[in-house]
Structure formats: C-alpha cells, structure tokens
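The lines below spell out each chain.
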Amino acid sequence: MLLLFLTSTIQLVFAKGKDNVREACKVTRYPKLCFRSLAQFSNAAGTSPSKWARAGVSVTIGEVKHVLVYLARLKKIQGQVGGRRSRAALSDCIETSRDALDELHRSLGVLRKLSKNTFGTQMDDLNTWISAALTDQDTCLDGFQGQRVGKEIRLLKIKVIRSYYITSNALALVNKLATTGIGSIADP
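A few points on the structure. (Residues numbered from 1 in each chain as written. Predicted model: local features only at pLDDT ≥ 70, side-chain atom pairs only at ≥ 80, totals over all residues. Heavy atoms only, no water.)

1. Considerations on the nonpolar core
- V57, L71, L111, F144, L156, V174 and L177 are the most contacted members of the largest nonpolar core, which has 38 residues in total.
- Secondary structure elements with two or more residues in this core: helix 4 (49–76), helix 6 (84–112), helix 7 (119–142) and helix 8 (151–180).
- With ten residues, the top contributor of residues to this core is helix 6.
- In terms of nonpolar packing, the next biggest core, distinct from the first, is built from 13 residues, Y30, C34, I166 and L173 among them. (Core = buried A, V, L, I, M, F, W, Y, C linked by side-chain atoms within 4.5 Å. Buried < 20%, exposed > 50% of the residue type's maximum accessible area, 1.4 Å probe, protein only. Helix = DSSP H or I, 4+ residues; strand = E, 2+ residues; numbered from the N terminus.)

Now the structure itself:
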C-alpha cells in the first residue's frame, strides 16, 4: 500500500513539473529545445518567472562554455581547420564567445539580486546583455560565411546555433519576468 502511494505521488510531482516547464517555455521561440534544456528545473522553479529566467541563463552559460571548450580544441588543431581566413574567423569566434559568456555571467548576477527598487533598470540591463550575447554568437559565425569548411567548422556552427537558440529562449524568459513585474520575484 505504501509503495502504491509513493509511486502515485512521484508520478503526480513529475507530471506537475512537466506542466511547469511546458508553461514556462510557451513564451520562447524554440519551445521544444526549451523543454528539453530546462526540464531538470521544473520542480525547483515551479511557476516562478524569476526562477525560470535564472534557469534559462544558467543553461545558456553552460552551452556557451561547451562552445568555448570546442573552440579551444579547434584552436589546438587550427592548422588542420583551414586557411588564414578560417584561423582569423576562429580567433574572432573565441573572442565573441568569451564576450557572450561575460554578458551572461553579468545577467545571472543581476537575476540573483533582483530588487524592487531597481527592477526596471535591472530588466533593461538584462535585455541589453542577453541581446548582446545573441549578437556575439551570431558574429561568431560571420567569419565563416562564404568559405568552404570542413567537418570541424560545420560542427562548430551546429554548436553555436544551438547555443544561440538557447540564449534566445533565455531572453524570452527574462522578458516574461519583466512583463509579469516585480510581484513575480521569488526568493533566490
């Protein structure tokens, strides 16, 4: 009897968590990716827009770090990556990815210290920094346009595009927080 009760309780909690993440991801441009990348936060974030925004930015930071690890690997083998133009594009991509990571870390810091007194300014800063991170990711790929690229750069493009989509989703979650207002701030 106890086992039956525990099983049904776990199923109920899991179903509610799935509803939470599905609801949070409705505002994003890439809801399926949002659901997959944020499902682990479903119970902890509940229905709190501030917690979903923090989760979105946290996941984005992880994605950008993943891109930077791959870029470091490519840098080590850059002689095999292509010509001078590809190597320059690779260096630019490393720089813009680092910039994106800095902007995302700044954003997470703000999300951890939301204040009723400065909420509007904080939302403006978050919008600026996360939008800049999107621009940085887009710029990363610019240098490879019009070039014949090998499998390493094709894989890099896939990783950067995924990171871009997840960043876009994080921005949507931050914008939802901004529109729901100061009353939606949850305890950190």
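There's more to say after this.
2. Description of the environment of Y164
- With respect to the helices, strands and loops of the structure, Y164 is situated in helix 8.
- Assessed through its relative accessible area of 27%, Y164 is described here as partly exposed.
- For the pair formed by Y164 and D138, sequence separation is 26 residues and the distance between their alpha carbons is 7.5 Å.
- In this structure, Y164 is in contact with L134, Q137 and D138, ignoring residues within four places of it in sequence. (Contact = heavy atoms within 4.5 Å.)

3. Some words on the packing of aromatic side chains
- In this structure the tally under the stated criterion is two aromatic pairs.
- Summarising the aromatic geometry, the rings of Y30 and Y165 are spaced 4.0 Å apart at their centres and angled 20 degrees between planes, so their arrangement reads as stacked. Taken together, the residues span a long stretch of sequence, with Y30 in the loop between helix 1 (2–25) and helix 2 (31–38) and Y165 in helix 8 at a distance of 135 residues.
- Judged by centre distance (6.4 Å) and plane angle (65 degrees), the rings of Y164 and Y165 are edge-to-face.
- Feature note: the residues Y30, Y164 and Y165 constitute an aromatic cluster, connected by ring pairs.
- If you follow K159 out to its NZ or CZ, it ends over the ring of Y70, 5.2 Å from the centre. (Phe/Tyr/Trp six-rings, centres within 6.5 Å; stacked < 30°, edge-to-face > 60°. Lys NZ or Arg CZ within 6 Å of the ring centre and 35° of its normal.)

4. Overview of the pattern of salt bridges
- Throughout the structure, instances matching the rule amount to two salt bridges.
- A salt bridge links E23 to K26; its shortest N-O distance comes to 3.1 Å.
- By relative accessible area, which is 41% here, E23 ends up partly exposed.
- Residue K26 is classed as exposed on the basis of its relative accessible area, which comes to 59%.
- Notably, a salt bridge pairs E63 with R162, separated by 3.2 Å at the nearest N-O pair. Placement of E63 in helix 4 and of R162 in helix 8 is noted, with a sequence separation of 99 residues between them. (Salt bridge = Lys/Arg side-chain N within 4 Å of Asp/Glu carboxyl O.)

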